[in-house]
Amino acid sequence: MIAALVLGLIVGSLLGLVGGGGAIIAVPALVYGVGLPLEEAIPTSLIVVGAASAVAVLPRLRRGVNWRLATIVGSAGVATAYLGTMVNRLLNPGVLLLIFAVIMVIAGIRMFMPPRPGGGPCALPGGEIRWRSCLPRALATGAVVGFLTGLLGVGGGFLIVPALTLVLGLPMSVTVGTSLVIIVINSLAGFTAHLGDVQIDWAVTGAFAVTAMAASLIAGRLARGLSDTVLKRGFAVLVLLVAVYVAVQAVVALVD
């Protein structure tokens, strides 16, 4: 229970600061820190991350969310989340964690890349959106993130943040809030797909979720004073560090 409280603070802080990263900490934390089996950690992480993200977005409701893109990307991932859950049941837990680590490395490296000078199709310099090129990218992004949500038990923030900034061209100030809304949608879809599969330890889940929600609200207010560059690079470093840890654990699990 103490581990759940401490780790909940970390997960919530990450979500509030950078609009993602909570799930990449939550799943390993629940498995290695709290001691839950992976099949139970996945739906538990979706509850915790979804609740914390809903709270973290509150300080950004007025100007920090692109609601149209959040709805499109989030909705596109609902169906594929169920597909990801079906694939999850067929794979070895060690293989899943290794996939998790590889994807995190790719996402982390891409976050170090500089943004395009002219923005992207979903965020032109004048604030307009070129929907002919933006809509297909937004739908594809949502579908991929939704699948990984069901497969790996993540809200998708560690992929949504790079996708929104690098693929769709959103500034980090809008990416964080938009990512949080998408995470809430994906987490709900992913957890629904897992209903009936596993028993939830509600005492641990409640402790984890409450501390994560409190931390996410505080961190969300603090993050508004940080620059886009600081947020992006900090997020990238975090993703790469966790990827190394998860990869080592995955290899050990596969060898054993």
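Residues numbered from 1 in each chain as written. Predicted model: local features only at pLDDT ≥ 70, side-chain atom pairs only at ≥ 80, totals over all residues. Heavy atoms only, no water.

The name recorded for the protein in an unreviewed UniProt entry is Probable membrane transporter protein, from Cryobacterium sandaracinum. Checking UniProt for the protein, the heading Sequence similarities (unreviewed entry) contains the comment "Belongs to the 4-toluene sulfonate uptake permease (TSUP) (TC 2.A.102) family." (UniProt positions renumbered as here; feature names shortened; annotations may be inferred.)

### Remarks on the overall build of the protein
For the protein, the count of helices and strands is ten helices and zero strands. When the helices and strands of the protein are listed from N to C terminus, the series reads α-α-α-α-α-α-α-α-α-α. What you see for the protein is a C-alpha radius of gyration of 17 Å, in line with the 18 Å of a compact globule of 256 residues. By its C-alpha atoms, the protein is 55 × 35 × 30 Å across when sized along the principal axes. Burial status across the protein gives 55% buried among its 256 residues. A separation threshold of at least 6 residues defines the contact pool for the protein, and within that pool the share at least 24 residues apart is 83%. Taking the 14 positively charged and 7 negatively charged side chains of the protein as two groups, their mean positions are separated by 22 Å. (Helix = DSSP H or I, 4+ residues; strand = E, 2+ residues; numbered from the N terminus. Rg over C-alpha atoms; globule rule 2.2 N^0.38 Å. Buried < 20%, exposed > 50% of the residue type's maximum accessible area, 1.4 Å probe, protein only. Contact = heavy atoms within 4.5 Å. Lys, Arg positive; Asp, Glu negative; His and termini not counted. Charge placed at Lys NZ, Arg CZ, Asp CG, Glu CD.)

### Digging into the side chain of threonine 80
Its place among the elements puts threonine 80 in helix H4 (residues 67-88). Exposure remark for threonine 80: the relative accessible area of 18% places this residue in the buried category. At 3.3 Å, the side chain of threonine 80 forms a polar contact with the backbone nitrogen of phenylalanine 147. If we ignore the near neighbours within four places in the chain, the residues touching threonine 80 are Gly142, Ala143, Gly146 and Phe147. (Polar contact = N/O pair within 3.5 Å; in protein donor to acceptor, adjacent residues only side chain to side chain.)

### Section: the environment of threonine 44
Within the element layout of this structure, threonine 44 appears in helix H3 (residues 38-56). Taking the relative accessible area as the measure of exposure, threonine 44 reaches 0% and is therefore buried. Once residues lying within four places of it in the same chain are set aside, the contact partners of threonine 44 are Leu30, Leu36, Ile200 and Thr205.

### Digging into the state of the cysteines
Scanning all chains against the criterion turns up one disulfide. With its sulfur 1.9 Å from that of its partner, cysteine 122 forms a disulfide with cysteine 134. The disulfide joining cysteine 122 to cysteine 134 has a torsion of about 110° about its S-S bond and is therefore right-handed. Here cysteine 134 lies in helix H6 (residues 131-152) and cysteine 122 lies in the loop between helix H5 (93-111) and H6, a separation of twelve residues in the sequence. Judged by its relative accessible area of 0%, cysteine 134 falls in the buried class. (Disulfide = S-S within 2.5 Å.)

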